[in-house]
Amino acid sequence: MYGTLVGQDGGGTIVPRLARVWDQSPTGVTFTLKQGVTCSDGRPPTSPQVAATLTRYQASPAGAAVTFGPGNTAGGTMITGDDKAGTVSIRLTAPWGELLPVSVQQSRPASARHVRRHGPAAPCGTLRGRCGTGSTPSP
């Protein structure tokens, strides 16, 4: 099973998933992760793991353009995970109004086991069913 930081309800409104809240600006967003979420290996996802998964999209020119916007593909985008604060931040060099809506599809964290085996930039989809989330508490 996979999980995303945010989702959309039937009306298209952005709703919490792995992130319980987020703070958005024209050039970025900071997600605060929910407590009580576990990966399929039973461990909680860490902010650095989520950041590493998002960095994987940044490594591909096509993925970077779709996820972070066409003006943010030259490496100026900064993605950080602060485990102590439980946050993941994306900072863009150019405004991109679609960052949060695109996050509905592009923010699937890899499990700790997946990161150990394949490195933080390995595509999570290579182990479908073994990475992503094992459980997500209700909002």
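Caption draft 1: How the structure looks around the packing of helix α1 (residues 47-59) against helix α2 (residues 61-68). Viewed as axis vectors pointing N to C, α1 and α2 meet at an angle of 115 degrees, and their least axial separation amounts to 5 Å. In this structure, α1 uses Leu54, Tyr57, Gln58 and Ala59 to contact α2, whose residues at the interface are Pro61, Gly63, Ala64, Thr67 and Phe68. Residue classes in the contact of α1 with α2 are distributed as six nonpolar, three polar and no charged.

Caption draft 2: How the structure looks around the sheet that holds strand β3 (residues 19-25). Pairing is antiparallel across the open sheet formed by four strands, whose spatial order is β3-β4-β7-β6. Looking at strand neighbours, the two that pair on one side only are β3 and β6 (78-82), the edges of this open sheet. Recorded for the sheet is a direction-independent mean angle of 10 degrees between the axes of neighbouring strands. By the bridge criterion, five bridges tie β6 to strand β7 (residues 87-91) in an arrangement that is antiparallel. From the neighbouring strand, Met78 faces β7, where its bridge partner is Arg91. The strands touched by α1 within the sheet are β4 (28-33), β6 and β7, with β6 carrying the most contacts at an inclination of about 165 degrees.

About the cut-offs
Residues numbered from 1 in each chain as written. Predicted model: local features only at pLDDT ≥ 70, side-chain atom pairs only at ≥ 80, totals over all residues. Heavy atoms only, no water. Axes fitted to C-alpha atoms, helices over the stretch in contact; angles between N-to-C directions. Helix = DSSP H or I, 4+ residues; strand = E, 2+ residues; numbered from the N terminus. Contact = heavy atoms within 4.5 Å. Nonpolar A, V, L, I, M, F, W, Y, C, P; charged D, E, K, R; others polar. Pairing = 2+ DSSP bridges.

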